[in-house]
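Per-entry structural report
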Amino acid sequence: MLIRKPNDIASSEITPESAYLDRRKFLGALGGMGLAAARVAAGTGTVGAAGAALVACDAEAAEPPEDKLTPYEDITTYNNFYEFGTDKSDPSENATHFVTKPWTVKVDGLVKRPADWHVEDFLKPYAAQEHVYRHRCVEAWSMVVPWLGFPIADVIRKVEPLPSAKFVEFTTLYDPKQMPGQRSGVLDWPYVEALRLDEAMHPLALFVVGLYGKVLPNQNGAPLRTVIPWKYGFKGCKSIVRMRFTDSQPVTTWNKAVPVEYGFYANVNPNVDHPRWTQSKERRIGEFRRRETLMFNGYADQVASLYAGMDLRTNF
Amino acid sequence: MHEAPARWWGARLRDRIPSVRAPRWLAPAVFTASLVPFAYVVYALYSDIIGTTRFLGSNPITEAEHFTGEWTLRFLIFTLAITPLRQLTRWGWLIRYRRTFGLFTFFYAMVHWSTYLGVDMVFDLHDILHDLAKHPYIMVGMGAFLLLVPLAATSTKSSIRSLGGKRWNRLHQLVWATVTLGLIHFAWGVKKDIEDPLLFGAIFGGLAAWRGWTWVSERRARTVASVPAAVERERGQRVGAPQLGTGD
């Protein structure tokens with residue numbers, strides 16, 4: 001009996017350098033539009049799928065009906081980045097002059113090597129690779145994004161958290177002069193997000209520096225952001241200036257703003273509705289009909305074990 | 001019509017406003033202009049869904065819902081602004097536009113509702129019932145819409161005649177319930193930024209305050225007036241046919 005598994009995107013797609021560069025040329029030729037001939041790997045990452053990385057440019061890849069790459073224009077003009085305004089078009093309109101150089105990342109807290117880094121030095125040891133992930137917003141829309149990044153785990157191993165560290169917390173820049181949305185009290189600034197240390201160590205959790213093979217645009221969280229694909233999008237922290245290790249669960253911004261609606265874990269879960277709207281379905285940007293939302297955004301095989309025995313309704 | 005008191009602050013302004021007749025092109029122009037947002041959203045949504053345009057952005061169905069919802073509220077404002085405008089200008093011919101805008105409010109509410117049911121939920125009864133049952137802001141929106149149905153149904157002159165002016169007016173006070181439920185529906189549907197619902201709320205609040213004030217002044221004027229005058233007025237109200245424009 002053939003058990004049909006949901007079409008999945010292999011977690012970390014290690015693109016051979018030649019294929020990556022070829023595709024970059026291809027994308028450049030297309031003007032960075034979302035018609036990349038990247039083929040998303042089918043299957044759940046067991047037999048054979050591991051090698052099914054992105055097909056190089058020359059193949060006119062028949063993209064599977066599910067999980068087509070979202071066009072670059074949508075990814076870069078439909079954004080929730082309240083620091084630049086609360087309309088979806090605000091970040092792309094208001095972040096054009098955002099200054100991302102020089103940029104400092106502070107690593108502190110319960111860690112053996114606390115330091116302030118120039119972001120270039122912070123990023124130097126790590127090779128950014130393309131990872132095509134589903135991105136699911138808590139507002140019940142989603143995209144498929146070819147992020148360029150590397151596992152947060154690589155950084156954690158390098159900075160050596162102390163045995164007492166249980167959580168890692170990320171903070172966004174606070175600069176109301178450059179970020180007009182921070183002059184309003186819609187959220188308590190600066191934006192803070194956090195993960196349990198084992199969540200942050202998971203290979204799927206990324207530090208991201210680019211998108212579609214190009215440098216991350218300002219409205220997407222330049223110069224450095226996190227992406228946690230099995231959680232709602234607000235768990236990703238954009239324009240990161242601080243990474244702090246702590247032993248107590250940090251208070252995160254959306255959870256602080258509306259505790260009954262936004263939890264600490266924020267795992268994508270079709271069985272736990274947002275109090276005001278359903279989470280069982282989502283609108284994939286570019287598609288007409290809504291789709292069924294997948295448990296852990298389709299990454300259940302890889303991450304469900306992190307939550308074994310937990311009540312996912314209480315710990316939402 | 002509830003009168004603003006004879007010596008209110010705007011009286012001098014009002015006395016300066018000339019008595020103007022409506023130009024003949026006004027009614028067709030208002031009707032056509034009122035259809036423009038509808039024509040735009042239909043074209044834009046169709047083009048975005050079938051083609052590759054982004055008139056309504058990356059998430060056109062949600063944007064179309066916001067667009068039609070906001071225009072419902074705007075037409076509600078236009079409708080409720082007619083009477084204050086009439087009191088200010090004493091232009092009696094404005095009254096017909098109260099019905100025009102009232103019916104367009106209902107029209108845009110229908111379009112908003114249809115976008116949700118047909119385009120967003122693709123008539124999936126299970127999903128719709130789930131939304132209605134578990135998500136109060138949908139129920140509140142439905143309520144606001146349903147309250148407009150009797151108002152639309154009794155918008156004709158013959159309805160006013162058969163109901164009688166007083167009863168018709170009381171029925172149409174339901175519009176304020178629609179305003180309230182509509183604002184709650186709006187505020188409950190936004191993620192966090194309630195700026196827009198608050199702005200609309202402030203405008204409706206102003207219109208309601210005006211109504212409240214003219215109603216109170218009218219009552220005061222009535223109690224002060226002499227008995228014979230009151231009797232005369234009462235007789236006139238009972239005997240005369242309810243006119244368009246009395247007792248709003």
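Scroll up to find the structure.
Residues numbered from 1 in each chain as written. Chains lettered and ligands numbered in written order. Predicted model: local features only at pLDDT ≥ 70, side-chain atom pairs only at ≥ 80, totals over all residues. Heavy atoms only, no water.

Our next topic: the overall build of chain A. Of the regular secondary structure elements, chain A holds 8 helices and 12 strands. Within chain A, contacts between residues at least 6 apart in sequence are counted, and of these 71% link residues at least 24 apart. Surface exposure of chain A reaches about 13,500 Å², of which carbon and sulfur atoms provide 56%. (Helix = DSSP H or I, 4+ residues; strand = E, 2+ residues; numbered from the N terminus. Contact = heavy atoms within 4.5 Å. Areas by Shrake-Rupley, 256 points an atom, 1.4 Å probe, with all protein chains shown as cover.)

With that settled, the discussion passes to a negative patch on the surface. On the surface, a cluster of negative charge is contributed by Asp87 and Glu93 of chain A together with Glu63, Glu195 and Asp196 of chain B. Mapped onto the elements of the fold, Glu93 of chain A is located in helix H3 (residues 90–94). (Patch = residues over 30% accessible without salt bridge, like charges linked within 9 Å, V, L, I, M, F, W, Y side chains within 5 Å. Salt bridge = Lys/Arg side-chain N within 4 Å of Asp/Glu carboxyl O. Lys, Arg positive; Asp, Glu negative; His and termini not counted. Charge placed at Lys NZ, Arg CZ, Asp CG, Glu CD.)

For the rest of this paragraph, the subject is the packing of aromatic side chains. All names here are of chain B. Going through the model one piece at a time under the given rule, you end up with 38 aromatic pairs over all chains. When the ring of Phe67 is compared with that of Trp71, the centres are 6.5 Å apart and the planes differ by 55°; the resulting orientation is tilted. Remark: Trp71 and Phe67 occur in helix H3 (residues 60–89); sequence separation between them is 4 residues, near one turn of the helix. Here the two residues Phe67 and Trp71 agree in accessibility, since each one is buried. A centroid spacing of 6.4 Å and a plane angle of 90° characterise the contact between Trp93 and Tyr97, whose relative ring orientation is edge-to-face. Taking relative accessible area as the criterion, Trp93 reaches 24% and is therefore assigned partly exposed. (Phe/Tyr/Trp six-rings, centres within 6.5 Å; stacked < 30°, edge-to-face > 60°. Buried < 20%, exposed > 50% of the residue type's maximum accessible area, 1.4 Å probe, protein only.)

Right, let's talk about unusual backbone geometry for a bit. All names here are of chain A. Cis geometry marks the peptide bond from Lys101 to Pro102; its omega dihedral reads 0°. Within the fold, Pro102 resides in the loop between H3 and strand S1 (104–109). Between Trp189 and Pro190 the backbone carries a cis peptide bond, its omega angle lying at -5°. Tracing the backbone through its elements, the reader meets Pro190 in the loop between strand S5 (167–172) and strand S6 (192–196). Positive phi, normally seen in glycine, also occurs at Asp67, with a value near 55°. In this structure, Asp67 sits in the loop between helix H1 (17–29) and helix H2 (72–77). In this structure, Asn297 takes a positive phi of about 60° despite not being glycine. Here Asn297 lies in the loop between strand S12 (291–292) and helix H8 (300–303). The buried category is assigned to Asn297, whose relative accessible area is 2%.

Residues and elements named next belong to chain A. This model, assessed by the stated rule, comprises 28 salt bridges over all chains. Salt-bridge contacts for Lys231 lead to Glu199; the nearest nitrogen and oxygen are separated by 2.6 Å. Placement of the pair is Lys231 in the loop between strand S9 (225–227) and strand S10 (240–246) and Glu199 in helix H6 (residues 197–200), with a sequence separation of 32 residues. In this structure, Lys231 and Glu199 share a single accessibility class: buried. By sharing partners, the salt bridges in this structure join Asp67, Arg134, Arg136, Glu282, Arg284, Glu287 and Arg291 into a single network.

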